[in-house]
Amino acid sequence: MSTDTHAPFEKKPGTPGTPRSTGELIRLEQVTKRFGDHTVLDHLDFSVDAGKHVTLIGPSGSGKTTILRLLMTLLKPDEGTITVDGEQLFPASEKQVREIRKKIGMVFQQFNLFPNMTVLRNITEAPVTVLGMSKDAAEERARELLEMVGLTEHLAKRPGQLSGGQQQRVAIARALAMRPQVLLLDEVTSALDPELVAGVLDVLRDIARSTDITMLCVTHEMNFARDISDRVLMFDQGRIIEAGAPEKIFSEPEHDRTREFLSAVL
Ligand SMILES: Nc1ncnc2c1ncn2[C@@H]1O[C@H](COP(=O)(O)OP(=O)(O)OP(=O)(O)O)[C@@H](O)[C@H]1O
Ligand SMILES: [Mg+2]
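Summary of the structure given here. This structure is a prediction, so every number in the text was calculated from the model and none was measured.

Turning our eyes to something else, we now look at the pattern of salt bridges. Any two side chains of opposite charge can pair if their charged atoms end up close together. Evaluation of the coordinates by the stated rule reveals 17 salt bridges. Taking the shortest distance from any N to any O, the salt bridge between arginine 143 and glutamate 139 comes out at 4.0 Å. Taken together, the positions of arginine 143 and glutamate 139, both in helix 4 (residues 135-148) and 4 residues apart, correspond to about one turn of that helix. Given a relative accessible area of 42%, arginine 143 falls into the partly exposed group. Linking glutamate 254 and lysine 248 is a salt bridge whose minimum nitrogen-to-oxygen distance equals 3.7 Å. By relative accessible area, glutamate 254 is classed as exposed at 61%. Residue classification places lysine 248 among the partly exposed residues on the basis of a relative accessible area of 27%. Taken together, the shared-partner salt bridges connect Glu24, Arg27 and Glu29 into one network.

Here's what the structure looks like:
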């Protein structure tokens, strides 16, 4: 699954962006995170190989978002090590952190687009200012990405003129414009009206199928998780209580807690 490349992800000559890695891209070892005396992640170990799609499921408060925030260096672990593409995140110099963060794209529940910029500019801004891409190259790439997310005709609009689903697709295109190696997705459809969810999930399915990007995805959309995931990790109270292929987790869960959780959300 997911090792072939597709137009917006091919490394074109002269296109800034990090070369693709193979092998293990993300590794958490014995990671513990506490807030006060509440242990939110408890000696957590897992890794994600390049090009794979791993989905985190589990009840509210089990620590899923905390993992993504650690990877974004928005939080620091209390114990343990986190490695992205062979480089340790803590401790790391500011420069190292900046380089590592270029490899990671994130899409949140709230789209956080720049409200006063056009759709096109939302997508070209960071590649131009952070990666130093030329405006023309950034626009060419933005147009490819907008085509991929089905929004070509909206490129001159502002976010406020788009539906929530369209805005979220812009946010996905914006994250991909930085050519990240890994895309972190945190419940990207939970804030959407139900009729807009399918369009966003279709775009993500397409990205999962047709690009080489690594995905680490938190979702309550179990059919989507089943479709795109190479592995599913079931969290409870800051630990992985069960992990495996989606067919196994969704059809023959071993753990009572997984069965309970799935019967509540399916
Ligand atoms: N900044 C913070 N300060 C204190 N506690 C926090 C903070 N951030 C998260 N927590 C707590 O850590 C626990 C895990 O939170 P996290 O957001 O990772 O859960 P989650 O699995 O993403 O849940 P949900 O499915 O509701 O999004 C929760 O109990 C939460 O209240
Ligand atoms: Mg969360």
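Turning to the packing of aromatic side chains, a few remarks are in order. For the coordinates displayed, the defined rule picks out 0 aromatic pairs. A cation sits over an aromatic face here: arginine 174 above phenylalanine 114, 5.1 Å from the ring centre.

Moving on, we come to the site of ligand 1. Every one of the 13 residues lining ligand 1 counts as a neighbour, but Ser60, Gly61, Lys64, Thr65 and Thr66 are closest to it. Glycine 61 places a polar main-chain atom, nitrogen or oxygen, 2.8 Å from an oxygen atom of ligand 1. The side chain of lysine 64 places a nitrogen or oxygen atom 2.8 Å from an oxygen atom of ligand 1. Every element with two or more residues in the shell around ligand 1 is listed here: strand 2 (38-49) and helix 1 (64-71). In terms of residue class, the shell around ligand 1 is made up of 3 nonpolar, 8 polar and 2 charged.

Calculation notes
- Note on numbering: residues in each chain are counted from 1, in written sequence order.
- Key to labels: chains lettered from A, ligands numbered from 1, both in the order written.
- Thresholds applied to this predicted model are a pLDDT of at least 70 for local features of residues and 80 or more for the giving and counting of side-chain atom pairs; totals over whole chains, interfaces and linings are not thresholded and use all residues.
- Water and hydrogen atoms play no part in the side-chain values, which are based on all heavy atoms of the structure.
- A side-chain nitrogen of Lys or Arg and a carboxyl oxygen of Asp or Glu constitute a salt bridge if their distance falls within 4 Å.
- Note on conventions: DSSP H or I runs of at least 4 residues are helices, E runs of at least 2 residues are strands, and numbering of each starts at the N terminus.
- Three labels apply to residues, based on accessible area from a 1.4 Å probe with only protein chains included: buried if under 20% of the type maximum, exposed if over 50%, partly exposed otherwise in between.
- Two aromatic rings from Phe, Tyr or Trp, using only the six-membered ring of Trp, form a pair when their centres are within 6.5 Å; if the ring planes differ by under 30 degrees the pair is stacked, by over 60 it is edge-to-face, and anything between is tilted.
- In our convention, an over-ring charge means Lys NZ or Arg CZ found within 6 Å of a ring centre and within 35 degrees of that ring's normal.
- By convention in these notes, a residue is near a molecule or strand provided one of its non-hydrogen atoms lies within 4 Å of it.
- By the criterion applied in these results, polar contacts are pairs of N or O atoms within 3.5 Å in which, for protein atoms, one can donate a hydrogen and the other can accept it, and in which residues neighboring in sequence qualify only through two side-chain atoms.
- All residues other than Ala, Val, Leu, Ile, Met, Phe, Trp, Tyr, Cys, Pro, Asp, Glu, Lys and Arg, Gly among them, are scored as polar; the first ten of these are nonpolar and the last four charged.

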